[in-house]
Each structure stands twice: as C-alpha cells, then as structure tokens.
Number of protein chains: 2
Amino acid sequence: MTDGLAIGIDLGGTQIRAALVRPDGTIEKRLSTRTQADAGPDAVIGQMAGLAASVSEGVARDSIRGAGVSSPGPLDTGEGLALDIPTLKGFINFPLRAALSDRLGLPVALENDGIAAAIGEWKFGAACGFDNAVYVTVSTGIGGGVIAGGKVLRGKRGMAGHVGHMSFRAGGDTCFCGNAGCFEAYGSGTAFTRRAMRAASTTPGTALGAGGGEIDAEAVFAAAGAGDHLANALVREEADILGTGFASLLHLYSPDILVMGGGLSNQFSLLEPWLMQSLRSIAMPAFHDTLVVPAKLGNNSGLIGAAALVFDPD
Amino acid sequence: MTDGLAIGIDLGGTQIRAALVRPDGTIEKRLSTRTQADAGPDAVIGQMAGLAASVSEGVARDSIRGAGVSSPGPLDTGEGLALDIPTLKGFINFPLRAALSDRLGLPVALENDGIAAAIGEWKFGAACGFDNAVYVTVSTGIGGGVIAGGKVLRGKRGMAGHVGHMSFRAGGDTCFCGNAGCFEAYGSGTAFTRRAMRAASTTPGTALGAGGGEIDAEAVFAAAGAGDHLANALVREEADILGTGFASLLHLYSPDILVMGGGLSNQFSLLEPWLMQSLRSIAMPAFHDTLVVPAKLGNNSGLIGAAALVFDPD
C-alpha cells in the first residue's frame, strides 16, 4: 500500500492551483492564485513553491513524497524542460522540473496538461480500470492524453496526444496554433462561441444575445435548454463536430473508453445524443461499442493526475 | 540468441504470400498464390496451409517455431478473429487464428496488416532502433501501425492505428469505408489516380493519357519526371495532402520517425521536397525534427513483421 502525500500543481496561463493529494487521489487541501504570467520563470516558480508550502503547512515534512506539475506545452518531459509556453513569458527552454525541485527540496514530476488530466481520469476518474483510454478536454482549446495497453502514451519528448491539432478540415479555419483546419479550430469552446456570436447577430427572433446579453457557451446551452431554435442548432453543430473528431480518435487509438473533460463537458448530456449519432455515422462498426463519457474529476483531473505521478511515475 | 525459423503469411484480397523467415528478419524462401477470395474461409485456410508447407519443405519440422499472419481488418487480434474482412467472402466472426493453427499444428500469431508492416519496419527496417515510430502505407488505401515507448500500440481488440480513417476534410470526398472526408479518400493512390484522370481529360497539352495511354500512379510520376506541367502539379498536390496528414500523425503520436510504405513510397524522392514543406508548414515547431523516410522492406514488411511475432509476441 502506497503511503505518504503528494503535492499536485496545475500551472496555467491564468491560474496556478495546488493541492495536497492522498495516494487514493482524494484532495486534502487545495489553494489557487492568479498566475504572474508576465513576470518570468523565477516569479512563477516562486508562486508554485509558495502554494506548495501553503497546502502542506502543518504536515510532517517526511510524509511528502514529492510534487507533480501539470503544465501547458510544448514541454520536453523527458528532459524536464518547458520548450516555449505561449501563455507564460520567458518559459523558453526553461528547466522547469529542476528549478522547482531545487526550490522545494523534493523530487518533481513534470507532465503535459492533457496527459496529466488523462492520468487523473484513468487512475481515479471515469476511465478507472480500463487499459486503453483517450481523454479529450474541450475548453478554450482542445487537448488530451492517451493511455494504451495500460501505459501512458508519451512518444518522443512526451509530446503525444495533441488531439486538438489533428486535421479536421484541411485548409479550413485558422487555429490558435497558427495553422488551418485543426480539430481545435472547429470543436473548441472558442470556436463554438464564435459561431454563436456570428449566427445570433444575423438571426431574427433568437433569445441569444437579446437585450445585449453576453454570448458564451453557457448562454448557448441555457438558451438551447429553454427551446431556442438557433441555440439548439448551434449545440447540434458542435456535437456533430465533436462526434466527427472523436470518431477519428477511435480509429487512431482504439480506446475502450473516451472521456470528455473541459468546460463543454459540463453540458455533456445536452451534447450526447447528437454527438453519439455523429460518431456512429462515421466510426467503423467495429468501434461502435466504445464508451464515451464525461470526466469525473472536473477541473481537478490534471492536478490529481500530476500528483499521481509522484506515487507511480509510469 | 533466438533460433529456429518462422513462417510469415501475408493474407490479401488479391494475393496470399508466405515466406520462411529467420530470426534476423531475412527471408529464406518465399512463395505466393492468387487468393480464392470468393471461395470462403476453408478454402483460403487451405491455401495458406499449402503455401506454409511449400516454403518449409525440406526443413526439419522441429526448427519451425510457428506462423505469423498479417491480415486486412477489422480483426480482433486479442481473440484471434476476423470480424468482417470486406475483400474476403465469409470471413465474418471467423476464428482465423485457431483454424490455421489447427491446420498447421503450430502456434499462430494474428496481426492487422498495417501493424504487422509497422513491426517489420521497426524490428528490421527503416525504424530499427527507435522507440516511437509511425508506419503509414500509401497504396490503394492508407493503413498503418504505431510503435510507442518501445511497444506495439494495439488498443482495444488490437484495432489502433487506422490512420487512413482519421478526418482529413470533414464532410468531403467519400472514402472506401463509406464515410466522408477520411485521409484515405484524399491521400491514397486511388485518390491520386482519380484526380489525375479527371485533370488529364480537361487539360490540353499534357502528356498524361495522350494517345490513350493508361493513367496510373506510375504514369503520373513518369510524366512528372519528364517535365510535364500537369503531372508535376498532381504530384505536388499529393505531397501536400500527405504532408498535412503526416503532420496530424506527429501531433497525435509524437514518433521519433515516420516511415512511409506502400506503392507510392517507391517515388518517395519525388514527393519528399513538397511533402516536407507541407508537413513543416503545419506541424508545430517542436515536431519539425521528426524523421520522415521511405520503408526499407518493400512489400515484405508485413510478411516479416508477422513472422517476427513468432519470435517475440510483443
């Protein structure tokens, strides 16, 4: 039986969150702070160390086994480097793992955020007990991570599982990554909201944006739930896109289960009927029995997954 | 040191090929026959057994360790079943592995053809020595197989790596699989030839198809090599499509090396400059150093890969 505790840290461009995590994946204490994204690596490492100290305050030093960090990529997790994180100034070829380990006096594991969340859902969430799992987060962008044959799929430099940047419609809409036609450019929450704003401005009679109300993903789902025709069409279009992308992922990885996380997974039940219809119309019949479910750990999957690496680095 | 010999069998809709293979991947004897694709499983199993007997004629029975079969899918390689092979009549939920093993009196390994070829190239060909490799065959269709972290990526029922059926242009051209917009529907040799025939019929002055000459992939490459303008544009378009699809595969699997096999890889050097330009314009910079090379074992990679499973089932 594994004992001790681990510190999980979720480093994001907006927030840093840290938690003290037990070997069974439950959280003992959790704190967060706003990321000083423009202040450079030293300041951010300082913020991470400060949160780590705060969540482990009053805990016997020798019961803490180490820290796991979930970070946006691209990283070289083999070498422990941040290669060039777009949302964090100065994180260019920066030895994130060593810098934090020196500061904490603890071993540190570094993982891409999509893979860390996949590990969280695999070890303690919706994919628990399955040997083959794909996790897809649908939020501002689209990210993910893959478990195959009971192992984390990492590839060269730990960069596998960039599921948002597979071709969806070659030569199509521009993606955050700068290229055209990625899955993320069509299926992300950002793309969903963009379509909603465009459609609302030209569709008479829709409740969306009426009276100057803000149009975000939640507003579209709320209007759809209230029977708004345009909002329902937008939800259906998003579900079609996700079903098409997910079908590709089944063909590529053949998971037992696909777990959808991120902000849009909060409305999984509204998306599900159309998403599954789209997926099954595209996936080859041998893949139709693959489970597709929402994440269980909410926005803690990366935090918990990173901490899990402290107990079991594989 | 592994000793003994293995029988490799490549079961195809047109041909069955069998070889006696040494532990170092070299071929001692090879034979082939035309597949009786409409005659049902019993007849085809008989053909495979007959070829196996012929290639091992005169070899001491106890030096033959077993047979490995590369087969078109979908298969359930965990259970040893052919689920429903489109090109072979009656191969529906058929226990291919057990039927052949009974007939040969030898252990039999069963593998999807794309994965078998990937194993061949990984163990003895272009990807030898790399822990992370993607093999893509570009021929009538597009298939493939993946090695990740020094292990074969199989997924549920061994069905991972259907790289031809990821979305390329959602809602686009119809694929052999019946759906719209797959990579195969754009990048395969079939799609390449279809574009060439269409363009040749409406382009004055091209050498392609002049005087009633047949238009196939070889003819397009030959005309391109001779400076024909249309043929060069067609080769460039094909290279662009392949580069786009390969960029997706780098993002998804993060291989050290991508190996291109199949008929079109015979012209790799003509495709390469444009293919790499397209790939690098789309792949994120962290993936730009990934090697992209043609296969080394030609049309024997599946045969040799299947035989390799006899010596090392992993």
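What counts as what
- Residues numbered from 1 in each chain as written.
- Chains lettered and ligands numbered in written order.
- Predicted model: local features only at pLDDT ≥ 70, side-chain atom pairs only at ≥ 80, totals over all residues.
- Heavy atoms only, no water.
- Helix = DSSP H or I, 4+ residues; strand = E, 2+ residues; numbered from the N terminus.
- Rg over C-alpha atoms; globule rule 2.2 N^0.38 Å.
- Buried < 20%, exposed > 50% of the residue type's maximum accessible area, 1.4 Å probe, protein only.
- Contact = heavy atoms within 4.5 Å.
- Phe/Tyr/Trp six-rings, centres within 6.5 Å; stacked < 30°, edge-to-face > 60°.
- Least-squares fit on C-alpha atoms with pLDDT ≥ 70 in both.
- Pairing = 2+ DSSP bridges.
- Axes fitted to C-alpha atoms, helices over the stretch in contact; angles between N-to-C directions.
- Expected span 1.5 Å × (residues − 1).
- Buried area = accessible area lost by both parts, 1.4 Å probe.
- Salt bridge = Lys/Arg side-chain N within 4 Å of Asp/Glu carboxyl O.
- pLDDT = per-residue confidence, 0-100.
- Lys, Arg positive; Asp, Glu negative; His and termini not counted.

## Some details on the overall build of chain A
Okay, step 1: Looking only at helices and strands, chain A features nine helices and 13 strands.
Okay, step 2: Computed over C-alpha atoms, the radius of gyration of chain A comes to 20 Å, within 12% of the 20 Å expected from 2.2 N^0.38 for 314 residues, which places it in the range of a compact globule.
Okay, step 3: Along the first, second and third principal axes, the C-alpha set of chain A runs to 60 × 45 × 35 Å.
Okay, step 4: The buried share among the 314 residues of chain A stands at 57%.
Okay, step 5: Looking at chain A alone, contacts between residues at least 24 apart form 63% of all its contacts between residues at least 6 apart.

## Here's the deal with the packing of aromatic side chains
Okay, step 1: Overall, the coordinates contain eleven aromatic pairs over all chains when judged by the stated rule.
Okay, step 2: Aromatic pair Tyr253(A) and Tyr253(B): ring centres 5.3 Å apart, planes at 70°, arrangement edge-to-face. In this pair, Tyr253(A) sits in helix 7 (residues 229-253) while Tyr253(B) sits in helix 7 (residues 229-253), so the two residues belong to two different chains. Here Tyr253(A) and Tyr253(B) have matching classes, each one buried.
Okay, step 3: Seen in terms of ring centroids, Phe192(B) and Phe221(B) are 5.4 Å apart; in terms of plane orientation they differ by 45°. Their pairing is tilted. Taken together, the residues span a long stretch of sequence, with Phe192(B) in helix 5 (residues 189-200) and Phe221(B) in helix 6 (residues 217-225) at a distance of 29 residues.

## Points about the relation of the copies chain A and chain B
Okay, step 1: Relative to chain B, chain A is turned by 180° and slid 0.0 Å along the rotation axis, the superposed coordinates differing by an RMSD of 0.0 Å. A rotation of that kind, with that shift, is consistent with a two-fold axis. Relative to the rotation axis, the C-alpha of Arg169(A) is the closest in chain A, positioned 1.9 Å from it.
Okay, step 2: A shared binding surface is used by both copies, with 100% of the interface residues of chain A retained as interface residues in chain B.

## Some points on the sheet that holds strand 11 (residues 151-152) of chain A
Residue and element names in this part refer to chain A.
Okay, step 1: Spatially, five strands are ordered 11-10-9-12-13 in an open sheet, and the strand pairing comes out mixed. Edge positions in the open sheet fall to strand 11 and strand 13 (291-294), since each of these has one partner strand only.
Okay, step 2: Here strand 9 (residues 133-138) pairs with strand 12 (residues 257-261) via five bridges, running parallel. Bridging from a neighbouring strand, Val-134 pairs with Leu-258 of strand 12.
Okay, step 3: On the sheet, helix 7 packs against strand 9, strand 10 (142-148), strand 12 and strand 13 and is oriented at approximately 150° with respect to strand 9.

## Topic: helix 5 of chain B
Residue and element names in this part refer to chain B.
Okay, step 1: For helix 5, spanning twelve residues, the distance from its first C-alpha to its last is 16 Å, which sits close to the expected 16 Å at 1.5 Å a residue.
Okay, step 2: Within helix 5 the residues assigned to the buried category are Gly-189, Ala-191, Phe-192, Thr-193, Arg-195, Ala-196, Ala-199 and Ala-200.
Okay, step 3: Check the buried side of helix 5 and you find it contacts strand 9 (133-138), helix 4 (183-187), helix 6 and helix 7.

## Remarks on the interface of chain A and chain B
Okay, step 1: Contact residues are listed per partner, giving 38 residues for chain A and 38 residues for chain B.
Okay, step 2: Counting each side, the surface lost to burial between chain A and chain B is near 3100 Å², with a carbon and sulfur contribution of 55%.
Okay, step 3: Linking chain A to chain B there are four salt bridges.
Okay, step 4: A salt bridge links Asp289(B) to Arg157(A); the shortest N-O distance between them is 2.3 Å.
Okay, step 5: Of all the elements in the fold, those that place two or more residues in the side of chain A that touches chain B are helix 7 and helix 8 (268-282) of chain A.
Okay, step 6: The leading source of residues in the side of chain A that touches chain B is helix 7 of chain A, at six residues.

## Describing the sheet that holds strand 9 of chain B
All names here are of chain B.
Okay, step 1: Read across the open sheet, the five strands follow the order 11-10-9-12-13; overall the sheet is mixed. At either end of the open sheet lies a strand with only one pairing partner, and these are strand 11 (151-152) and strand 13 (291-294).
Okay, step 2: Taken together, the four bridges between strand 12 (residues 257-261) and strand 13 define a ladder with parallel strand orientation. Across the sheet, Ile-257 pairs through a bridge with Leu-291, a residue of strand 13.
Okay, step 3: Sitting on the sheet, helix 3 (residues 113-124) is in contact with strand 9, strand 10 (142-148), strand 11 and strand 12, with an inclination near 50° to strand 10.

## Describing the confidence of the model for chain A
Okay, step 1: Considering every residue of chain A, the mean pLDDT works out to 96; 100% of them sit at 70 or more.
Okay, step 2: Scored as a whole, the predicted complex attains pTM 0.96, and scored at its interfaces, ipTM 0.96.

## Some thoughts on the side chain of Asp256(B)
Okay, step 1: For Asp256(B), the location among the structural elements is in the loop between helix 7 and strand 12.
Okay, step 2: No salt bridge is formed by the buried Asp256(B). Its closest oppositely charged neighbour is Lys156(A), at 5.5 Å.

## Considering the environment of Ala133(B)
All names here are of chain B.
Okay, step 1: Structurally, Ala-133 can be placed in strand 9.
Okay, step 2: On the basis of relative accessible area, Ala-133 is assigned to the buried category, the value being 5%.
Okay, step 3: The spatial distance from the C-alpha of Ala-133 to the C-alpha of Gln-36 is 34 Å, given a sequence separation of 97 residues.

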